[in-house]
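# A look at the structure
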Amino acid sequence: MGTDVFRSEVPLTVNGSPCRPTVDHRSTLLDVLREQMGLTGAKKGCDHGQCGACTVLVDGRRANSCLLLAVAHEGCDITTVEGLHADDGVELHPVQRAFLERDAFQCGYCTPGQICSAVGALAEAAAGNASHVTDPDADTGEPVELTREEIRERLSGNLCRCGAYPHIVEAVEDVTP
Amino acid sequence: MKPFRYVRAYSVEEATTAHAGRANSRYLGGGTNLVDLMKLGVERPERLIDVSRLPLDAVEELPDGSVRAGATVRNSDLAAHPLVRERYPVLSRALLAGASGQLRNVATTGGNLLQRTRCPYFQDLGKPCNKREPGTGCGARDGVHRDHAVLGHSRLCIATHPSDMAVALAALDARVELQGVRGRRTLPVTEFHRLPGDRPDVDTEIEPGELITGVLLPAATAGLPSAYRKARDRASYAFALASVAVVLDIEDSVVRQARIAFGGLAHRPWRARHAERALQGGAPSDEAFRQAVDAELSAAEPLRDNSFKVRLARNLACDVLRRLAGPASAS
Amino acid sequence: MPDTASAVGAPAGRREGPQKVAGAARYAAEHTPEGCAYAWPVPATVARGTVASVDTTAALEVSGVIEVLTHLNAPRLEEPDDATLAVLQDARVPHRGWYVALVVADTLEAAREGAAAVRVTYDSEPHDVTLKADHPDAHVPEDEDGTSGEHTRGDAEDAFAAAPARVDVSYRVPPLHNHPMEPHAATAHWQDGRLTAHDSSQGATTVRDVLAGLFALPEEQVTVVSEHVGGGFGSKGTPRPHVVLAAMAARMTERPVKLVLPRRHLPAVVGHRSPTLHRVRLGAKEDGTLTSVIHEVTAHTSRVKEFVETAAAATRVMYPSPHARTTHRVVPLDVPSPSWMRAPGEAPGMYALESAMDELAVNLGIDPIELRLRNDTRTEPDSSKPFSSRHLAECLREGARLFGWSERDPRPRSRSEGPVLVGSGVASATYPVVVAPSRASAHAYPDGSFVVRVNATDIGTGARTVLAQVAADALRVPLESVRTDIGSSDLPDAPLAGGSSGTASWGWAVHEACTRLASRLAGQQGQQLPPEGVGATADTEGTADADSDYARHAFGAHFAEVGVDTVSGEVRVRRLLGVYAAGRILNSRTARSQFIGAMTMGLGMALTEGSTMDAAFGDFTEADLAAYHVPAHADVPAIEAHWIDEDDPHLNPMGSKGIGEIGIVGTAAAIGNALHHATGRRLRELPLTPDRVLTGGL
């Protein structure tokens, strides 16, 4: 047991740095980040894709890292909350700053997921992707204006038990173009 | 989760050969349901064949005017694709009504069709479930079953199919494209998922080792007025209590064809053929819609705690039909 | 001179905020000592019985599995006061989900697989998990705390029978789950006989004391750290089995052990809000003046310990009437042990009382705000003590003004937008002032900095920040010069973050320590401080917990506007507004977030959250976050929280009341009352999901 048929080396880029962790095929990306790489910014809330706390960006798209098998993500570019930053590479990302300014969290456990999700959602709206609340007749593929209703719907995959939702929506509104 | 071998396939042939119909092999798409079930112990594969990088990620128009969506197209990409948005809006809307942004970015077209019921008894290894473990009984029938089936269920199983996407595909007369070691075939989506009958452990007509390679959206339903409506316990990120997809073809104030499919009511997307026949060739009106939908739902056999679904489904269907018919429907 | 004595009340930003948004704040499971092993628990699959056999052979053969703890080989513990902590001590299974084994492995993956491979057989016994108001085992509990039994004034039954206006109604609140986003987790490490545990807890001092007791260690040999805690809402208010299991496993394997409870296990092992069955009878004169109030509550408890959801307690505080009876009954069943969930008692109790008040208002044709104003009082009905402050009427009036209540057409079903019926509702809120003794220290250093130490816990309230504000004002120094050290049992002992008592309890001790330090520093004017600084300590034992001649409670008013879709039966809140009178608000920024957050949980209680006890299997069917619907972003509209400043000298040195829980109290009633206004139908069972609305509410 424990032989190589159940483990693989997986080249990845995590927060800009290439790495080659050897992973148990059963390991999720979330567990590899948290337990093997010490990147505990992405949180485990439910381990089943039901809360969004583990949200990271995979090749720029937001995803629940608790449902991603690490082995299947060879060559992918992973960004966690630790890898988000302003263009200068030093300061906090504008979404992170907006969360601070709006007091958009309490316990902070869902926060990294909310922030990564917001970054992903902003890109999706800019790319013209409609949401459930976008007027079907207005679904042209042009950038979608992020109203509060749009922000709420697009971030609904991120649960917050402290109930910081209204402030999160304000924070995302602040960084909406 | 038991240790498993992992094989990444780069061609369909490689994938089906690697799978070879073995009972302990599973194809891995986005994994949003499979990994979930593996963690629960419901699925215990010894070999995963990763099909997520197969060259099946295109949405393209075929010469006959139909549209083919590859099996590995992610749900969010399918929803956002111009061909889908413009010709099959009901599909786009159904996709966007499901799961969350993160999950839609990962879940694939093929995987969405193959997702398994969210029945809590199915997910709990400590409880009987004829679907998970044939012959053990159904915990839900006399248990907590508000969310369960009202149509087409059997003595052995009252589970529902959880997909939103599949409901739209059923209403669009879409076909599932399959590739096995023995060859290719297509099946209507409406015949792809089974009713539980006496084999609730078998969800679909897929053969062992067969791989979904894509979904075919017919030219016949392209561009027709269509809509999807879903009712749920919270405003987003929840499975349907009931949903309806409608594709309505009206010409000169006559219903040429209505295609109606329900979600959340049965073990498969429920195509409302009785209602469709009742409407065909008639004038669209609130009364006609109500009668047609009632005729369909008269077959419902609600359980102790889910009779509300019949009323809910009727309301949703009548509402969507009325909206699609627009001014043509007189009350 | 800096602007001193003005830190309190200011909207100071959270001190750990930058760490939290950067993903740098570490929670209990995010400390991985060298050689750390992973544990995975095995829950019982019968509702009642005993473990007949445990076969660990297959589990131990799983690659990476180190050890399997069962009741046969686990370390023996001293007997705990809280029987839910006596894990793996005997073969008894008191409810489904009770832990019967724990697998320890080199990796998380192996631990999970090992747990799946443990084979347990049971001698099961017939079980009963069904709560009924007429259950033969229903009894009035012993009233040790003065709250959980029965209170009577006058002759409530006769007065009710004689009342010209009567409401006699029953309500049901289902079991509810706390589900903090961070699941309960601990990392335990033994070194030279010392135990260190990083625990996701609302109070590390208690966890330290309990672990020391269980493992028969002096308290100095145990350190419990709860630096950042991902929410608790009561479920982390007492030590939980996970930290005991982690410590046992670490002792047995001689390795650090990390244990994160799987989300699906939480409903069975970390407490839940008991379902409550309410019968409320209100007798009133034609003008709405109450003459009799009877509130009877039936709740369940487990066979492991008795916990009473004291849902009739708030009724003793709210409205005067010459005759009243408030009764708790509890039924021991083979269910998981219920415990605290945000505003235990008040949340379900005020749902029932405030819904009944609305029914009375409708019956009498009196505006529901006016009805409450007519039944306002300066003395607590139950104790006859004067309220230290009570600004319920002001909250109702201010809320009415902000909400635009005067524009409301009182007729039910008077407003619609297409297929959506729109209505609005109001409800009062209350929560008691709770305060517990605490210790704290304060130090001044030569560089002009100050450090306050207290084992407070920040579960999201912003404790570090608000305590620094209290300290800065007591010391009359700038806020930035004060650092707060919290979240470790090596700091001065402090009570838990719970019962809306944390800030008042810790703040009192901090204030006292800082006041002493300030006077000591004043005595040293001009002298250079020694390198180790100058310190002062405080212990509020005997002062903070002294009896008061006053009844001390916070009050509030909730306003809700809902839309009810007549097609789908879906109810959505369109507006939610709360106005509170909770003493002095110490940090307007974090306080607002707490109020809004609790109202959001109240919204969930009203519309989306509900759990079902499976009669056949004895567990909660909605075990995960896909089935148990906590509100999502899309459910939560603009929520406004306002407050009325109170100057109440009978509270604590800061003049504050607790604010963490009152926001959930009354929110569900306001939403339910709004549903009635929208539809003309009264639903008396939560949550107000489409199935209920379609079958009874339209």
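Only a predicted model underlies this, so the values are computations on that prediction, with no experimental measurement involved.

## Brief notes about the interface of chain C and chain B
On the chain B side, the residues contacting the 29 residues of chain C number 26 residues. Residue assignment for the side of chain C that touches chain B shows that the elements contributing at least two residues are helix H3 (108-117) and helix H16 (690-696) of chain C. Within the side of chain C that touches chain B, the residues separate by chemical class into 12 nonpolar, 9 polar and 8 charged.

## Observations concerning the sheet that holds strand E3 (residues 17-19) of chain A
Residues and elements named next belong to chain A. Pairing within the open sheet is mixed, and its 5 strands lie in the order E3-E2-E7-E5-E6. At either end of the open sheet lies a strand with only one pairing partner, and these are E3 and strand E6 (61-64). Each strand of the sheet is rotated relative to its neighbour by a mean of 35°, with strand direction disregarded. Relative to the sheet, helix H3 (residues 111-126) contacts strand E5 (55-58) and E6, its axis offset from that of E5 by approximately 35°.

## Thoughts on the interface of chain A and chain C
In this complex, chain A contributes 47 residues to the contact, which on the side of chain C involves 51 residues. In the side of chain A that touches chain C, the residues fall into 21 nonpolar, 15 polar and 11 charged.

## Considering the sheet that holds strand E11 (residues 222-225) of chain C
Residue and element names in this part refer to chain C. Spatial strand order, E3-E5-E1-E12-E9-E10-E11: 7 strands in an open sheet with mixed pairing. On the outer flanks of this sheet lie strand E3 (65-70) and E11, each paired with one strand and no other. Ignoring strand direction, the axes of neighbouring strands in this sheet form an average angle of 20°. Here strand E9 (residues 185-191) runs beside strand E12 (residues 257-260); their pairing, made up of 4 bridges, is antiparallel.

## Topic: the environment of Lys258 of chain C
Checked against the element boundaries, Lys258 of chain C lands in strand E12. Not counting residues up to four positions away in its chain, the partners in contact with Lys258 of chain C are Ala29, Thr32, Cys36, Tyr38, Ala39, Thr187 and Ala246 of chain C.

## Here's the deal with the domain arrangement of chain C
Residues and elements named next belong to chain C. Under the domain assignment, chain C is made up of domain 1 (17-26 + 436-539), domain 2 (31-126 + 181-231 + 236-269) and domain 3 (150-176 + 272-433 + 549-696). Contacts between domain 1 and domain 2 engage 17 residues on the former and 17 residues on the latter. Taken together, the residues of the side of domain 1 that touches domain 2 sort by class into 6 nonpolar, 7 polar and 4 charged.

The rules behind each value
- Residues numbered from 1 in each chain as written.
- Chains lettered and ligands numbered in written order.
- Predicted model: local features only at pLDDT ≥ 70, side-chain atom pairs only at ≥ 80, totals over all residues.
- Contact = placed C-beta atoms within 7 Å.
- Helix = DSSP H or I, 4+ residues; strand = E, 2+ residues; numbered from the N terminus.
- Nonpolar A, V, L, I, M, F, W, Y, C, P; charged D, E, K, R; others polar.
- Pairing = 2+ DSSP bridges.
- Axes fitted to C-alpha atoms, helices over the stretch in contact; angles between N-to-C directions.
- Domains from an automatic or database assignment.

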